[in-house]
Every structure is written in structure tokens, then in C-alpha cells.
Amino acid sequence: MPKFGRRYHPHIIRFCLSVHAKSPAAYRELRDSGILVLPSERTLRDYRNFFKPRAGFNPDNIERLKNQASQYFDIQRYVVLSFDEMKIQSKLVFDKHSNELIGFVDLGEEELNLSSGSSDLATHALVFFVRGAASDLKYVLGYFLTKDVTSYQIMPLFWKAVSVLELECNLWVIAAVSDGASPNRLFYQLHADLVEPGCDDVINYTPNLFAPSGNIYFFSDAPHLLKTTRNCLFNSGSGKRTRYMWNNGRYMLWDHVAQLYYSDLDSGLHQLPKLTVDHILLKSYSKMKVSLAVQVLSNAVAQALQRHFPSGEAQETATLCKMMNDFFDCLNVRSTTEHQRKRNALLAPYRTVSDERFHWLQNVFLEYLKSWKSSSELREGDFSEDDRGRMFLSIQTFNGLKLTVTSAIAVTKFLLSEGFEFVLTERFCQDDVEEYFGYQRAQGRRSDNPTAAEFGYNDLKIATLRDVAPHSIKGNVSGRHSGKRSKWYDVSQEPLPKRKATAKKQD
């Protein structure tokens, strides 16, 4: 150690990394002012880039996860594996340390690269994200540079991720979560030969090849399903007019919601204060916001529709809003106290295998969807097969709802039988992956999408900052870290990994 060198407490290092990540200029101003004695930016880089990032399952990254998971025991070892893609800039960057051009498609293995066209520039980063079912674990296991990824390319990457978790890290994969993209749906269907004969047309699980006594259950992200359902309603009689949804002799139209909103604007006492014009006139950006879909497909809108249309004209639209509201509440249980604060029993943690919500999901919600589908298929009249299909939700959304409900019931009952005191079904959503992508885009400030090279270094920065993330089970993507318990509430004594200095070569 130098004669006048300094040693900083690990928590001070974490604080400096957090400030520098938000604004390097602000950190330099604070350091140069002399008010605080802070480490140099070079020192922070050594802590942030403690190993060299690269696409694939990096051995250094896996070793770090092994060290973190070594403290877990028994039920804490159950994890959920999510995978999703993020748009990146199609741009080549020269790495002066490895003398490589970074930005081409990279799926980790030469055979896969050749099948996808290794000379193509990557357009997306496919991320595998691990989240603990009964722990605070949130970890990016690896990422791959892709372009038009297919289900056949996802298959070996997924099972490689499972093998790393099961065999090297001793973490037990219980569920796999993705959005409803076409390659993801086909990827699940590729496991049809591994399940028992006579299985439903939707494959919701596969035997764990690295732990044959257990299964891995497939989930389609519940918030994405809520958005696609809202989009189907938006396009029913309006929007793109690709649907004209009908059930039990009545239509389900977006115009019902629009009329309700404009009528509520004219009234002195607003019964729907959360609804705005952004909820009604959807654009490409507003269609992506989960909160807008949640507030439309809600109990408040369902009850207001029944009051505004006393003749029953919008009864089926109101029923759809009510059903989707309760479905989302059952699949978004994220706190042990939220149900008391909001006085909503559907948000209570699952504690017994006989929970009545299992019966509602299986025998009320799914039966409602099947009855609706049957009603559109058997409707009297000269309708083509396409016409009848437009009277119902998109088949992708319907299959996604069946997949998620069936898996949620099976996984929750299994975990409770394994010794879980309670289960939070929000752990089977992709909120943390979307939050991670938000962190990635925030690192670029005005340039939202990073390059392939920037993505890797941003991942290291986010991994370091995640060490100070709040250990809380409250919140969602928006407002997840709000409340009294901030990320600086607990002082950590654990040292941070640091890049070792290399001796310079002498001539």
C-alpha cells in the first residue's frame, strides 16, 4: 500500500459507484471540490470492470453467482429463469484489448453462429435473468447478441443456462418466464415429446433434464397478457378493426370504454379519475405501458360500464374487464401486506394448497374463456372461420392465458408442499427483466439503445449497483424502490470485487 494511500469502506465505494453511474460530471465536481475525499475515477473503473464482459455464459460471472448462492439453503435455492430481448444499436466497435470487432451475432457456439449468419450485425441482446423464488437473488446469468432469433436457437441456450444453474451453482430452476413472442411460444411447444401423452394442446411444463425428479413450468408474462388482451379490445370495432368480439349475444367494443370516458369528463363528479386520454387514444408508446392496461381492465371500469349502460349493452365488456382484473391480481401478488392496505383479498400471499383462488383460476376464469370461445364458434349465422376467430381473443393470447394459469397453480402448490411459508406469484413475472432493460437504457442517457460493447460494460455497472438495491418484496417496475427503506438503509461490510493490477512489460 502507498505511504499516503487511502482505504475506503465498501459502502463508500458503492455510494461513489452509484453517483458516478448517474452523472460522471457531478461526481468529478464533488471530488474536485474537496468537500469529500473520494476515490478517483480510475479506481472506480477497477471496481466496476472487475472482469472483462463478453457475450455468453462468462465463467467469471458464473463464479460470482456461485459465491453469492453458497449462502443459500434448502428452499432458498429455488429460482425462476427469465429470458427476453432488448434492442441494441447495429454497430461494430473495435476492442483494443482483445483486437476483436464486437457487434456481430454471437450465440456462444460456432455452430449456432453459422446457422444464424455470424457475419450479420446483431440487432438485439438476449438476456437470461435469474430471480430467487424465496430469496433476494436477482442476477443476469448471461447475454447473447442476436438477430431474428428462432426457437431452435433458444433451445440450446436455455438448457445450457439450466445446466449452469443446476450443476455449477446448485440452484434449482422451477419456472421459465418469457413474453408472448412467436419464437418463445414455439420454443415451449418443442418440448411436446418430453411430456406425458395426452397433454393439452398448450405445453406448460417440461421435465428438468438435469434434475429428472422435478419439472420446469413455462409462463407467459402476465403483464404482457394483460396488454395483449387490452389491445384485442382496442381493435374490436375501432383501432385497426381487426376484431369484433362477441359473447352471449352481446358485443365487446372499445367504443363502450370510450363513451364511458367522455361521459365521465362531462360529469361534475368523476367516477374514473385515473383514466386519461392516453388510456383511450392509444399510440405505439402507450400500448407498451402496463399501467394503462391495468387501469382500463379494472373493477372500477367494469362497475362504471354497468352503471352507464343500464340496458346491458356493455355487459360482456364489463365482464371481460372484471375477469382480467381478478386474473392480474391473482398473478401479481408481490407483498405480504398489500392486501391489507388495499383491502383486496386477491393480493394476499398464497399460504395453503387449498387456496380458493386456485379454484377460481381453473374453474371460473379458464372456463369463462373456453365458454366464450365455444360461443363464438357455435354462433348462428353464415360466418367464415376467420369471422368467428375475430369474435374472440387472439389465439396467442388465449393460449398464453391457459399456459400461465395452469403453470401458476402447479408451481405454487409445489412450492407450498416443499416448505414455503407463502408464495408471491409476482416472482413469475418479468418485472425485474424490464427494470434491468430500463437501467441499460438509462446508462446511455440521450442515446437509449447501447451498442453490443456498451451493453456488456453496462451490465457490469448494473451488477455492481444491484448490490445496494433494496431487499424488499414491495413494489412493481414503477415505484419498486419507493418507501422508507431506501438502498442505503443497511450498511454493507462485504468488500467488492476489484480488478487486479497487471505488471507492465519491460523491454
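Rules and cut-offs
- Residues numbered from 1 in each chain as written.
- Predicted model: local features only at pLDDT ≥ 70, side-chain atom pairs only at ≥ 80, totals over all residues.
- Heavy atoms only, no water.
- Helix = DSSP H or I, 4+ residues; strand = E, 2+ residues; numbered from the N terminus.
- Contact = heavy atoms within 4.5 Å.
- Areas by Shrake-Rupley, 256 points an atom, 1.4 Å probe, with all protein chains shown as cover.
- Patch = residues over 30% accessible without salt bridge, like charges linked within 9 Å, V, L, I, M, F, W, Y side chains within 5 Å.
- Salt bridge = Lys/Arg side-chain N within 4 Å of Asp/Glu carboxyl O.
- Axes fitted to C-alpha atoms, helices over the stretch in contact; angles between N-to-C directions.
- Parallel < 35°, antiparallel > 145°, perpendicular 65-115°, else oblique.
- Left-handed = near helix turned anticlockwise from the far one by under 90°.
- Nonpolar A, V, L, I, M, F, W, Y, C, P; charged D, E, K, R; others polar.
- Pairing = 2+ DSSP bridges.
- Buried < 20%, exposed > 50% of the residue type's maximum accessible area, 1.4 Å probe, protein only.
- Core = buried A, V, L, I, M, F, W, Y, C linked by side-chain atoms within 4.5 Å.
- Domains from an automatic or database assignment.
- pLDDT = per-residue confidence, 0-100.
- Polar contact = N/O pair within 3.5 Å; in protein donor to acceptor, adjacent residues only side chain to side chain.
- Phe/Tyr/Trp six-rings, centres within 6.5 Å; stacked < 30°, edge-to-face > 60°.
- Lys NZ or Arg CZ within 6 Å of the ring centre and 35° of its normal.

The name given to the protein in an unreviewed UniProt entry is Transposable element P transposase, with Paramuricea clavata as the source organism.

(A) Inspection of the overall build of the protein at higher detail. A tally of helices and strands in the protein yields 19 helices and ten strands. Sequence separation of 24 or more characterises 70% of the internal contacts of the protein that already satisfy a separation of 6 or more. Summing over all exposed atoms, the protein offers an accessible surface of approximately 25200 Å²; the carbon and sulfur share of this is 51%.

(B) Inspection of a nonpolar patch on the surface at higher detail. Taken together, the side chains of L92, F94, L101 and L121 present a nonpolar region at the surface, about 350 Å² in accessible area. Looking at the element boundaries, L92 is found in the loop between β1 (78-87) and β2 (93-95).

(C) Layout of the packing of helix α8 (residues 222-234) against helix α17 (residues 395-417). Across the interface, α8 lies against α17 with an axial gap of 10 Å and an inter-helix angle of 150°. One finds that α8 runs roughly antiparallel with respect to α17. Every pair of crossing elements has a handedness; the one defined by α8 and α17 is left-handed. Only T397, G400, L401 and T404 of α17 make contact with α8, whose side of the interface consists of L225, T228, T229 and C232. Its residues assigned to classes, the contact of α8 with α17 shows three nonpolar, five polar and no charged.

(D) Broad picture of the sheet that holds strand β5 (residues 138-146). The six strands lie next to each other as β5-β4-β1-β6-β8-β7, forming an open sheet whose pairing is mixed. Each edge of the open sheet carries a strand with a single partner, namely β5 and β7 (205-207). Each adjacent strand pair in this sheet contributes to an overall mean axis angle of 20°, direction not counted. Pairing of strand β6 (residues 172-178) with strand β8 (residues 215-220) involves four bridges; the strand directions are parallel. The partner of S178 across the bridge, within β8, is S220. Along the sheet, helix α7 (residues 182-189) contacts β1, β6 and β8; its crossing angle with β6, the most-contacted strand, is approximately 140°.

(E) Here's a closer look at the side chain of H191. Inspection of the secondary structure puts H191 in the loop between α7 and β7. Residue classification places H191 among the buried positions, given a relative accessible area of 1%. Sequence-distant contacts of H191, that is, excluding residues within four places in its chain, are made with M155, W159, I203, T206 and F218.

(F) Focus on the environment of V277. Here V277 lies in helix α10 (residues 277-280). Distance in space between the C-alpha atoms of V277 and Y261 is 8.4 Å, their sequence separation being 16 residues.

(G) Spatial organisation of the nonpolar core. Counting 124 residues, the largest nonpolar core has F128, F158, F327 and F365 as the members making the most contacts within it. With nine residues, the top contributor of residues to this core is α17. Each of domain 2 (56-221 + 429-452) and domain 3 (224-426) accounts for three or more of the residues forming this core. Beyond its immediate sequence surroundings of up to four residues, F158 is in contact with L81, F83, F128, A176, F187 and I216. Counting residues in each nonpolar core, the second largest holds ten residues, with C16, Y27, L44 and L465 among its members.

(H) Layout of the confidence of the model for the protein. In this model, the protein carries an average pLDDT of 87, and 89% of its residues clear a pLDDT of 70 or more. Per-residue pLDDT stays below 50 along residues 469-485; that stretch engages in 32 contacts with residues further than four places along the chain or on separate chains.

(I) Expanded view of the pairing of β1. Most of β1 sits out of view: eight of its ten residues are buried. Across five bridges, β1 lies against β6 in parallel orientation. Pairing of L81 across the sheet is with A176, part of β6.

(J) Up close: the environment of S238. Here S238 lies in the loop between α8 and β9 (246-247). A relative accessible area of 16% places S238 in the buried class. Measuring from C-alpha to C-alpha, the distance between S238 and D255 comes to 7.1 Å, with 17 residues separating the pair along the chain. Within the local environment of S238, its side chain forms a polar contact with the backbone oxygen of F234, the two atoms lying 2.7 Å apart.

(K) Just unusual backbone geometry, in detail. Unusually for a residue other than glycine, D148 sits at a positive phi of about 50°. Look at N170: it is not a glycine, yet its phi comes out positive at around 55°. Relative to the assigned elements, N170 resides in the loop between α6 (151-168) and β6. Exposure remark for N170: the relative accessible area of 37% places this residue in the partly exposed category.

(L) The arrangement of the packing of aromatic side chains in detail. Tallied over the entire structure, the rule returns 30 aromatic pairs. Ring geometry for Y261 versus Y262: centroids 5.2 Å apart, planes at 65°, classification edge-to-face. With 4.9 Å between their ring centres and 85° between their planes, W372 and F392 make a pair best called edge-to-face. In this pair, W372 is assigned in helix α15 (residues 356-377) and F392 in the loop between α16 (385-389) and α17, connecting sequence segments 20 residues apart. Given a relative accessible area of 0%, W372 falls into the buried group. A relative accessible area of 4% means that F392 is categorised as buried. Three or more aromatic residues link up through ring pairs in this structure, and these residues are F57, F83, F128, F144, F158, W159, F187, Y188, F210 and F218. The lysine or arginine in question, R357, covers the ring of Y350, its NZ or CZ lying 3.8 Å from the ring centre.

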